Amino acid sequence: DTAVSQTPKYLVTQMGNDKSIKCEQNLGHDTMYWYKQDSKKFLKIMFSYNNKELIINETVPNRFSPKSPDKAHLNLHINSLELGDSAVYFCASSQDTDYGYTFGSGTRLTVV
Amino acid sequence: GESVGLHLPTLSVQEGDNSIINCAYSNSASDYFIWYKQESGKGPQFIIDIRSNMDKRQGQRVTVLLNKTVKHLSLQIAATQPGDSAVYFCAEKMQGAQKLVFGQGTRLTINP
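Residues numbered from 1 in each chain as written. Chains lettered and ligands numbered in written order. Predicted model: local features only at pLDDT ≥ 70, side-chain atom pairs only at ≥ 80, totals over all residues. Heavy atoms only, no water.

Enquirer: Describe the sheet that holds strand E1 (residues 4-7) of chain A, naming the residues involved and giving the relevant values.
Expert: Residue and element names in this part refer to chain A. Spatial strand order, E1-E3-E8-E7: four strands in an open sheet with antiparallel pairing. A strand with exactly one partner marks an edge of an open sheet, and here the two such strands are E1 and strand E7 (64-70). Averaged over all pairs of adjacent strands, the angle between strand axes in this sheet comes to 20 degrees, irrespective of strand direction. Pairing analysis gives four bridges linking strand E3 (residues 19-25) to strand E8 (residues 73-78), with the strands arranged antiparallel. Paired with Lys19 across the strands is Ile78, a residue of E8. (Pairing = 2+ DSSP bridges. Helix = DSSP H or I, 4+ residues; strand = E, 2+ residues; numbered from the N terminus. Axes fitted to C-alpha atoms, helices over the stretch in contact; angles between N-to-C directions.)

Structural data, given as structure tokens:
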């Protein structure tokens, strides 16, 4: 199936741990994104990569580090997890930045 | 039934009625707008888009209207069905910008 797939779907971890979320798209898109959705359903962009190059880095703590090994993958690594990092994280992709995004199904991160 | 963006985040309609979901966007320089549907436990799904050189666009059972004068966007869903239950987001992109900015979202519930 053509899609944006992210793993894991659920992630429960303790404060202070380091974790990664992986994202892959097989749509041939050249731009990928990470969005964070809080408990009130508000969606806010965190990062965007175009052909493996970082083009958007919103005011996200340095503990969050995206990595794009190729244009089909954009992973998110989070160091020293905090309670406030609990949210649903969505990966998305688009063909250039002037078209609609295709979203993955989300990773629900719970920090305890 | 109708909703007004941030001021009425929940809209309830009778099955078979038409639904109108409204969105007041923030930036007069925005030139691309998208409506997304997010069902429980899933990622946002593209419904319909419209560019600023148009004021109306129709899809299957959905119509998007754009009023640039008052910076207002609406999504009309004809003959609402139980499967339309979801949170609906409007998103805007400024001309030349590289990211979509999402509105708060409106939860649509269908009464049998």
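Let's pick the thread back up.
Enquirer: So what's going on with the environment of Ile45 of chain A? Which residues, and what values?
Expert: Relative to the helices and strands, Ile45 of chain A resides in strand E5 (residues 43-50). Ile45 of chain A sits 22 residues away from Cys23 of chain A along the chain, and the two C-alpha atoms are 15 Å apart. Setting aside residues up to four positions removed in sequence, Ile45 of chain A forms contacts with Tyr33, Trp34, Tyr35, Ile56 and Glu58 of chain A together with Lys99 of chain B. (Contact = heavy atoms within 4.5 Å.)

Enquirer: How would you explain the confidence of the model for chain B if you had to name every residue and give the values?
Expert: On average, residues of chain B score 91 in pLDDT, and 93% of them are at 70 or above. Note that pLDDT drops below 50 for residues 1-8 of chain B; the model gives that stretch 20 contacts with residues more than four away or on any other chain. (pLDDT = per-residue confidence, 0-100.)

Enquirer: How would you sum up the state of the cysteines? Please name residues and give values.
Expert: Residues and elements named next belong to chain B. The full count for this structure, using the stated rule, is two disulfides over all chains. What pairs with Cys23 in a disulfide is Cys90, and their sulfur atoms sit 1.7 Å apart. Taking the torsion about the S-S bond as the criterion, the Cys23 to Cys90 disulfide, at about 45 degrees, is right-handed. Of this pair, Cys23 sits in strand E2 (residues 19-24) while Cys90 sits in strand E8 (residues 86-94); the two residues are 67 residues apart in sequence, bridging distant segments of the chain. Residue Cys23 shares its accessibility class with Cys90, and that shared class is buried. (Disulfide = S-S within 2.5 Å. Buried < 20%, exposed > 50% of the residue type's maximum accessible area, 1.4 Å probe, protein only.)

Enquirer: Any chance you could break down the interface of chain B and chain A for me, citing the residues and the numbers?
Expert: One widely used convention gives an interface's size as the accessible area the parts lose upon coming together. Listed as interface residues are 20 residues of chain B and, on the opposing side, 20 residues of chain A. Across the interface of chain B and chain A, roughly 1600 Å² is buried in total on both sides, 53% from carbon and sulfur atoms. Among the residues chain B hides against chain A, the three largest losses belong to Gln98, Lys99 and Phe102 of chain B. Together they make up 33% of the total. For the pair chain B and chain A, the number of links is one salt bridge. Between Lys99 of chain B and Glu58 of chain A there is a salt bridge whose closest N-O contact spans 3.0 Å. (Buried area = accessible area lost by both parts, 1.4 Å probe. Salt bridge = Lys/Arg side-chain N within 4 Å of Asp/Glu carboxyl O.)

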